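Results of the structural survey
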Amino acid sequence: MCASQEKRVKRFLVSLTLAWIIFSVLVSIWQTEIVPTQQSAIAQERSPGISTMSNLTTKATANASTELIETKNGAATYVGRDTCKECHAENHELHSHHGHHKTFATTNDPSIVAMFDGRSYDSGEPYGTFTYHADEEGLFARLQEKFGERKFRLQYALGSADGAVTLLSLLPDPDGKTFAIEHRVSWFRDGDELRPTPQEDNRNPQTPADFFGLRHQGKVMEKCIDCHITRGTISEQTVVDLIPGVNCEKCHGPGSEHVRLARSSKNPPKYSVGKSDWDTESEIQLCGNCHRLPVTVSRSELREYPDELARFQPVGLLRSQCFVQSQGQLRCTTCHNPHQTIAEIPESEHVSNCVQCHQETNAQHVSCPISPSENCIECHMPARALPGLSVSFHDHWIRVHPEK
Ligand code: HEC
Ligand code: HEC
Ligand code: HEC
Ligand code: HEC
Ligand code: HEC
Ligand code: HEC
Ligand code: HEC
């Protein structure tokens with residue numbers, strides 16, 4: 001617990017013993033703490049329009065590819081993914097089904113409301129039962145045994161409905177600095193039910209807000225949002241200039257200049273793909289910025305490679321002989337169309353990705369003595385189920401597993 005939290009706890013406890021008037025003042029302070037009110041402002045910012053902002057996120061979280069565009073072309077601004085549809089209808093359509101597109105929403109989104117509204121979840125001692133309701137601003141939770149009718153505003157929903165959805169709220173601390181609460185309870189697609197969010201368990205909540213979930217501050221809070229959006233900046237208790245979801249311009253950079261040039265010429269100059277610095281390593285860094293790179297993993301994990309690391313595909317791929325020995329030929333898009341959800345890719349396509357290198361007729365590479373033309377993934381990239389998570393992950397350290 002940090003010093004400012006401790007101070008606040010003491011203040012809270014002392015004031016409970018004071019007169020009723022002081023207590024009611026405290027309640028009103030407390031209410032502003034657990035009920036941020038900027039929700040309606042957020043709702044208006046959901047639809048991405050042409051923006052005049054050219055800076056993207058906070059400096060600490062700026063994304064490698066967008067940085068690249070920014071420095072070379074200071075004038076480029078965001079136009080939103082629907083502008084790209086005009087000329088790239090196919091990629092636009094594919095991307096609409098990808099988890100990337102749907103991974104961030106405000107809680108007044110009807111599909112998010114449907115996951116929680118009217119439901120409850122018993123979180124056990126010392127929390128009690130959370131009940132969920134929606135009003136025009138979005139979702140809120142109550143812990144009636146503890147805090148009566150008072151509402152805890154649930155602001156943002158992270159994760160597409162393909163796996164799980166976790167709620168996040170931004171609140172002010174007593175010094176006016178913003179912190180986030182990652183709600184204790186998430187929605188899971190399997191079973192269409194509420195279950196505990198996989199997070200550090202805090203059995204000793206100190207402030208009312210802590211009863212509702214895990215506290216994040218500073219860079220951890222910023223990155224949590226940044227990995228799920230295209231553009232936005234935390235300002236007080238709102239994400240302003242928000243373009244939710246991992247959209248075209250998160251990977252390709254702000255598109256206004258490309259659109260302007262493409263509208264006036266059939267052969268617009270290179271925008272991102274096809275530039276000399278859009279190579280294997282920078283692509284792995286682009287995807288790894290969110291799917292994680294070795295730098296985000298502890299030293300002992302790097303050494304021991306526990307099963308949990310299967311969640312971080314780039315970390316595994318970088319250890320694979322397929323990557324190490326193929327002179328820059330193997331990257332994420334060798335096997336993934338970055339616009340197409342894996343849910344729509346047939347098994348046969350995965351096999352053909354492997355056999356483009358590994359087949360008996362290709363003298364450059366070895367082929368499989370066990371199964372030269374089928375089921376590669378099952379044996380060499382097995383799926384790992386991880387505790388608390390509803391989706392499993394395929395180990396991208398491609399290798400011979402002794403048990404297979
Ligand atoms: C007015 C038509 C038009 C619009 C709008 C447009 N593009 Fe393009 N784009 C083109 C043309 C033409 C090319 C070059 C030929 C090709 O590769 O299809 C191209 C190429 C690309 C390429 C591959 C080559 C490169 O230079 O990187 C990417 C990536 C791309 N566009 C992304 C986008 C994104 C993202 C948007 C929305 C922000 C967008 N485009 C909007 C016409 C357009
Ligand atoms: C800005 C962060 C970010 C970047 C950059 C990013 N991803 Fe993702 N990716 C995510 C998030 C968040 C999800 C979870 C989506 C959800 O909620 O279902 C995801 C999910 C996925 C999925 C599984 C979901 C599906 O529908 O298939 C694949 C595959 C994937 N990403 C591949 C890639 C590849 C390949 C790249 C690089 C070309 C990349 N990602 C770059 C954040 C990112
Ligand atoms: C470094 C980037 C990054 C950060 C930071 C990050 N995420 Fe994600 N998130 C991802 C990626 C990539 C995925 C998809 C793969 C996965 O589930 O690990 C994802 C998936 C998810 C999912 C969907 C899980 C599922 O099973 O479908 C939820 C919910 C989520 N993140 C919530 C959060 C919350 C809440 C925070 C902050 C407290 C956070 N994320 C921080 C990148 C990030
Ligand atoms: C997760 C990152 C990511 C997102 C989001 C993304 N792209 Fe791409 N895009 C890439 C990568 C990486 C390539 C290079 C693919 C390759 O080399 O095979 C690419 C290639 C392209 C190309 C050229 C090749 C082709 O498929 O025609 C176009 C055009 C394009 N993207 C448009 C878009 C549009 C439009 C959107 C939004 C609807 C979008 N991209 C969203 C990463 C992304
Ligand atoms: C771009 C080419 C390429 C692709 C695509 C590729 N590999 Fe490899 N892989 C290699 C190279 C290079 C080696 C080193 C041996 C050789 O030269 O064949 C290798 C080695 C291996 C090994 C032996 C690993 C070890 O540690 O000794 C296995 C197993 C393997 N690949 C499986 C696969 C599977 C399964 C896929 C598809 C999911 C795949 N590879 C896709 C290039 C590739
Ligand atoms: C050699 C082929 C290959 C390469 C290269 C590759 N992937 Fe995958 N990836 C797969 C396969 C196969 C799956 C499982 C697909 C399925 O379930 O249908 C997968 C699944 C995923 C998923 C979904 C979660 C999971 O782990 O099952 C994500 C996210 C992902 N890959 C990201 C990446 C990123 C980021 C890179 C680059 C660092 C990358 N992949 C490179 C073959 C590959
Ligand atoms: C039933 C499990 C299984 C399946 C399915 C399978 N493999 Fe293998 N593979 C193995 C085993 C076990 C070895 C190690 C064999 C040995 O060392 O004698 C191996 C070895 C390899 C090697 C290394 C060969 C060498 O000489 O070093 C490559 C490359 C490979 N497999 C690729 C593939 C590809 C590509 C596919 C799909 C077309 C595939 N495997 C399907 C189990 C499997």
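Above this text you will find the structure in question.
What you are looking at is a predicted structure, and each value in this text was computed from that prediction instead of being measured. Each chain has its residues counted from 1, running along the sequence as written. Whichever chain is written first is A, and whichever ligand is written first is 1; the rest continue in order. Only residues with pLDDT of 70 or above have their local features reported here, since the model is predicted, and side-chain atom pairs are shown and tallied only from 80 upward, although totals for entire chains, interfaces and linings are computed over all residues.

Attention shifts here to the overall build of the protein. Along its length, the protein carries 19 helices and 15 strands. Counting across all 404 residues of the protein, residues that qualify as buried make up 31%. Numbering of helices and strands starts at the N terminus; helices are DSSP runs of H or I of at least 4 residues and strands are runs of E of at least 2. With C-beta atoms placed from the backbone, a residue counts as buried when 20 or more other C-beta atoms lie within 10 Å of its own, as exposed when 12 or fewer do, and as partly exposed for counts between those limits.

Placing the C-beta atom from the backbone, one calls a residue near a molecule or strand if that atom lies within 6 Å of it. In the vicinity of ligand 3 lie 20 residues, with Gly159, Gly163, Thr166, Cys224 and Cys227 positioned nearest. Mapped onto the shell around ligand 3, the elements with two or more residues apiece are strand 7 (164–172), helix 10 (218–226) and helix 13 (280–291). For the shell around ligand 3, the element with the most residues is strand 7, which contributes four residues. Domain extents, as shown, originate in an automatic or database domain assignment. Here the shell around ligand 3 spans two domains, since at least three of its residues come from each of domain 1 (3–34 + 104–227) and domain 2 (280–394).

Within helix 10, the full set of buried residues consists of Glu222, Ile225 and Asp226. Summarising the axial view, the buried residues of helix 10 lie within an arc of 100°, below the 170-degree limit, and thus occupy one face. Buried-residue contacts for helix 10 involve strand 12 (229–235) and strand 13 (238–244). Directions pointing from the helix axis toward each C-beta atom define the arc. What counts as a contact is two residues whose backbone-derived C-beta atoms lie within 7 Å of each other.

Right, let's talk about the sheet that holds strand 2 (residues 120–122) for a bit. One requirement defines pairing of two strands: DSSP has to find at least two bridges between them. The sheet built from four strands is open, its strands ordered 2-3-4-5 with antiparallel pairing. Two strands in the sheet have a free side with no partner beyond their single neighbour: strand 2 and strand 5 (152–154). Strand-to-strand twist in this sheet, taken as the mean axis angle between neighbours without regard to direction, amounts to 25°. Where strand 3 (residues 129–135) meets strand 4 (residues 138–143), six bridges bridge the pair, whose relative direction is antiparallel. Paired with histidine 133 across the bridge in strand 4 is phenylalanine 140. Angular values range over 0 to 180 degrees, each being the angle between N-to-C directions of two axes fitted as lines to C-alpha atoms, with helices fitted over their stretch in contact.

With that settled, consider the site of ligand 5. In the vicinity of ligand 5, 20 residues are found, and the nearest of them are Cys322, Cys354, Cys357, His365 and His380. Elements with a contribution of two residues or more to the shell around ligand 5: helix 16 (321–324), helix 18 (347–355) and helix 19 (376–380). Looking at the shell around ligand 5 residue by residue, the class counts come to nine nonpolar, ten polar and one charged. When residue character is reported, Ala, Val, Leu, Ile, Met, Phe, Trp, Tyr, Cys and Pro are called nonpolar, Asp, Glu, Lys and Arg charged, and the others, Gly included, polar.

Tracing the backbone shows proline 387 in the loop between strand 14 (383–385) and strand 15 (392–394). Through-space distance from the C-alpha of proline 387 to that of proline 198 is 8.1 Å; in sequence the pair is 189 residues apart.

Within the largest apolar cluster, 40 residues are counted, with the highest numbers of intra-cluster contacts made by Ala141, Ala157, Val165 and Trp187. Take this core: its biggest share by element is six residues, from strand 7. For valine 165, the residues in contact, after removing those within four places along its chain, are Ile112, Met115, Ala157, Leu158, Gly159, Ser186 and Trp187. To define a nonpolar core, we join buried Ala, Val, Leu, Ile, Met, Phe, Trp, Tyr and Cys residues through C-beta atoms within 7 Å and take the resulting set.

Across four bridges, the pairing between strand 9 (residues 185–188) and strand 10 (residues 193–196) is antiparallel. Considered in strand 10, the bridge of serine 186 is made with arginine 195.

Right, let's talk about the pairing of strand 12 for a bit. With five bridges connecting them, strand 12 and strand 13 associate as antiparallel partners. Bridging across to strand 13, serine 235 finds its partner in threonine 238. In sequence, strand 12 turns back onto strand 13 through a hairpin of two residues, with glutamate 236 there showing a positive phi of about 50°.

As a further point, take unusual backbone geometry. The peptide bond linking glutamate 125 to proline 126 adopts the cis configuration, its omega dihedral lying at 0°. Inspection of the secondary structure assignment puts proline 126 in the loop between strand 2 and strand 3. If you check the backbone angles, aspartate 241 has positive phi at about 55° while not being a glycine. Inspection of the secondary structure puts aspartate 241 in strand 13. The backbone of tyrosine 305 sits at a positive phi, close to 45°, despite the residue not being glycine. Residue position: tyrosine 305 is located in the loop between helix 14 (299–304) and helix 15 (313–317).

We now examine the environment of asparagine 108. Tracing the backbone shows asparagine 108 in the loop between strand 1 (104–106) and helix 7 (110–116). On the basis of neighbour count, asparagine 108 is assigned to the buried category, with 20 C-beta atoms found within 10 Å. Distance in space between the C-alpha atoms of asparagine 108 and alanine 134 is 7.8 Å, their sequence separation being 26 residues.

Once that is clear, we can look at the environment of valine 273. With respect to the helices and strands, valine 273 occurs in the loop between helix 12 (256–264) and helix 13. Under the C-beta neighbour-count criterion, valine 273 is labelled exposed, with 11 such atoms within 10 Å. Once the C-alpha coordinates of valine 273 and histidine 252 are considered, the two residues, 21 residues apart in sequence, prove to be 7.6 Å apart.

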